[in-house]
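Secondary and tertiary structure notes
Each chain, written out:
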Amino acid sequence: MARYLRLGVNIDHVATVRNARGGSHPDPVRAAVMAIQAGADGITAHLREDRRHITDADLDRLMREVRAPFNLEMAATDEMLRIALAHRPHAVCLVPERREERTTEGGLDAVAGPASLAPAVRTLREAGIRVSLFIEPTVEQVEAAAALGAPAVELHTGAYCHAAGDGAARELARIVAAAARCDALGLECHAGHGLTYDNVAPIAAIEPMAELNIGHFLVGEAVFIGLEASIRRMRAVMEGARAAGATGLIGLSR
Ligand code: PXP
């Protein structure tokens, strides 16, 4: 039997649409509650330094009103650590952050990364928060994340999602190898960034994969078919790929 694969729904872009008009609609907390009803296993949101998506007030409400594991994406800064320790979410995913980037464009460098990384991992773990590091999908980065004491990593799938043909196959092979190294080292393996109905199956089929975090596509698709339907369909694609992967039937069909 295939191992269960969790779906974390990232609600940042519900907040982005709300913020475009500065009001209160659409409400990302309402979206989070609906996502759980539609079969998400958890909710993810990125509190950025510039608060371009969710705000501190959203985080307060998400922690109070959503009855499901909450994964806070954040940079390893003193400000964010203070906020994480005040809220104690189920999980924190440490991500790199550059103010000028449109989205999180690359993974953290766990090999030569900021000196703040190791103490941040320790502080969060001591507070009972599950920590993951958002890294490029390489064996070297996975090993460095393990050396930093992280119990989980999230593999950045952006390069795979943006590649085509042989390039996509090469990127997928890097993700498969990185996931296998996670498994060997006892790290929980997650993945995310740029995943859609069309490219999620080969990632969902990777045996050690435990969690996928998906946001932009699901929120965009919700414009056409509604949020619950967009999430239910993603779950179905993931589960189909998982079952087919367990029997060796899944391949790269793009
Ligand atoms: N995981 C992490 C760590 C991210 O930073 C993001 C993007 O905010 C995602 C997953 C979700 O990516 P997308 O919105 O492209 O699905």
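This section reports on the structure supplied with the text. As the structure is a computational prediction, the values presented were derived from the model and not from experiment. (Residues numbered from 1 in each chain as written. Predicted model: local features only at pLDDT ≥ 70, side-chain atom pairs only at ≥ 80, totals over all residues. Heavy atoms only, no water.)

**Let's talk about the packing of aromatic side chains**
- Applying the stated criterion across every chain yields a total of 1 aromatic pair.
- The interplanar angle of 80 degrees and the centroid separation of 4.7 Å between the aromatic rings of Tyr-197 and Phe-217 together place this pair among those described as edge-to-face. With Tyr-197 in the loop between strand E7 (188-192) and helix H9 (200-204) and Phe-217 in helix H10 (residues 216-225), this pair connects stretches of sequence that are 20 residues apart.
- Using a relative accessible area of 9% as the deciding quantity, one classes Tyr-197 as buried. (Phe/Tyr/Trp six-rings, centres within 6.5 Å; stacked < 30°, edge-to-face > 60°. Helix = DSSP H or I, 4+ residues; strand = E, 2+ residues; numbered from the N terminus. Buried < 20%, exposed > 50% of the residue type's maximum accessible area, 1.4 Å probe, protein only.)

**Concerning the site of the ligand**
- Neighbouring the ligand are the residues Asn-10, Glu-73, Val-95, Thr-104, Phe-134, Glu-154, His-193, Gly-194, Asn-213, Ile-214, Gly-215 and His-216.
- The contact in question runs from an oxygen atom of the ligand to an N or O atom on the side chain of Glu-73, over 3.1 Å.
- Between the ligand and Gly-215 there is a distance of 2.8 Å, counted from an oxygen atom to a backbone nitrogen or oxygen.
- In isolation the ligand offers 400 Å² of accessible surface; the protein chains occlude 95% of this area.
- When the residues that make up the shell around the ligand are grouped by side-chain class, the tally is 3 nonpolar, 7 polar and 2 charged. (Near = heavy atom within 4 Å. Polar contact = N/O pair within 3.5 Å; in protein donor to acceptor, adjacent residues only side chain to side chain. Areas by Shrake-Rupley, 256 points an atom, 1.4 Å probe, with all protein chains shown as cover. Nonpolar A, V, L, I, M, F, W, Y, C, P; charged D, E, K, R; others polar.)

**Notes on the nonpolar core**
- The biggest cluster of nonpolar side chains holds 74 residues, and the ones touching the most others in it are Leu-94, Leu-155, Ile-203 and Leu-212.
- Among all residues touching Leu-212, those that are not within four sequence positions of it are Leu-5, Arg-6, Leu-7, Gly-8, Ala-191, Leu-195, Val-200, Ile-203, Ala-204 and Met-238. (Core = buried A, V, L, I, M, F, W, Y, C linked by side-chain atoms within 4.5 Å. Contact = heavy atoms within 4.5 Å.)

**Things to note about helix H3 (residues 56-65)**
- Those residues of H3 that sit buried are Asp-58, Leu-59 and Leu-62. Taken around the axis of H3, the buried residues stretch over an arc of 100 degrees, which confines them to a single face.
- Those residues of H3 hidden inside the fold are in contact with helix H1 (12-21), helix H2 (28-37), strand E2 (42-46), strand E3 (70-74) and helix H4 (78-87). (Arc of directions from axis to C-beta.)

**A word on the pairing of E2**
- With 5 of its 5 residues buried, E2 lies for the most part within the structure.
- Pairing analysis gives 3 bridges linking strand E1 (residues 6-10) to E2, with the strands arranged parallel. Residue pairing for E2: Asn-10 is matched across the bridge by Thr-44.
- Of the pairings in the sheet, the one linking E2 to E3 comprises 4 bridges and is parallel in character. (Pairing = 2+ DSSP bridges.)

**Points about unusual backbone geometry**
- The omega torsion of the bond from His-25 to Pro-26 falls at 0 degrees, within 30 degrees of zero and hence cis.
- Take Pro-26: it is sitting in the loop between H1 and H2.
- Despite not being glycine, Arg-88 has its phi angle at roughly 45 degrees, a positive value.
- If you trace the backbone, Arg-88 turns up in the loop between H4 and strand E4 (91-94).

**Describing the pattern of salt bridges**
- Tallying each qualifying case throughout the model produces 17 salt bridges.
- One salt bridge in this structure joins Glu-188 and Arg-6, with 2.5 Å as the shortest N-O distance. With a gap of 182 residues between them, Glu-188 in strand E7 and Arg-6 in strand E1 connect regions that are remote in the sequence.
- Between Glu-188 and Arg-130 there is a salt bridge; the shortest N-O distance is 3.6 Å. You can see Glu-188 sitting in strand E7 and its partner Arg-130 sitting in strand E5 (residues 130-135), a full 58 residues away along the chain.
- Given the relative accessible area of 28%, Glu-188 is considered partly exposed.
- The network of salt bridges with common partners includes Arg-6, Arg-130, Glu-188 and Glu-211. (Salt bridge = Lys/Arg side-chain N within 4 Å of Asp/Glu carboxyl O.)

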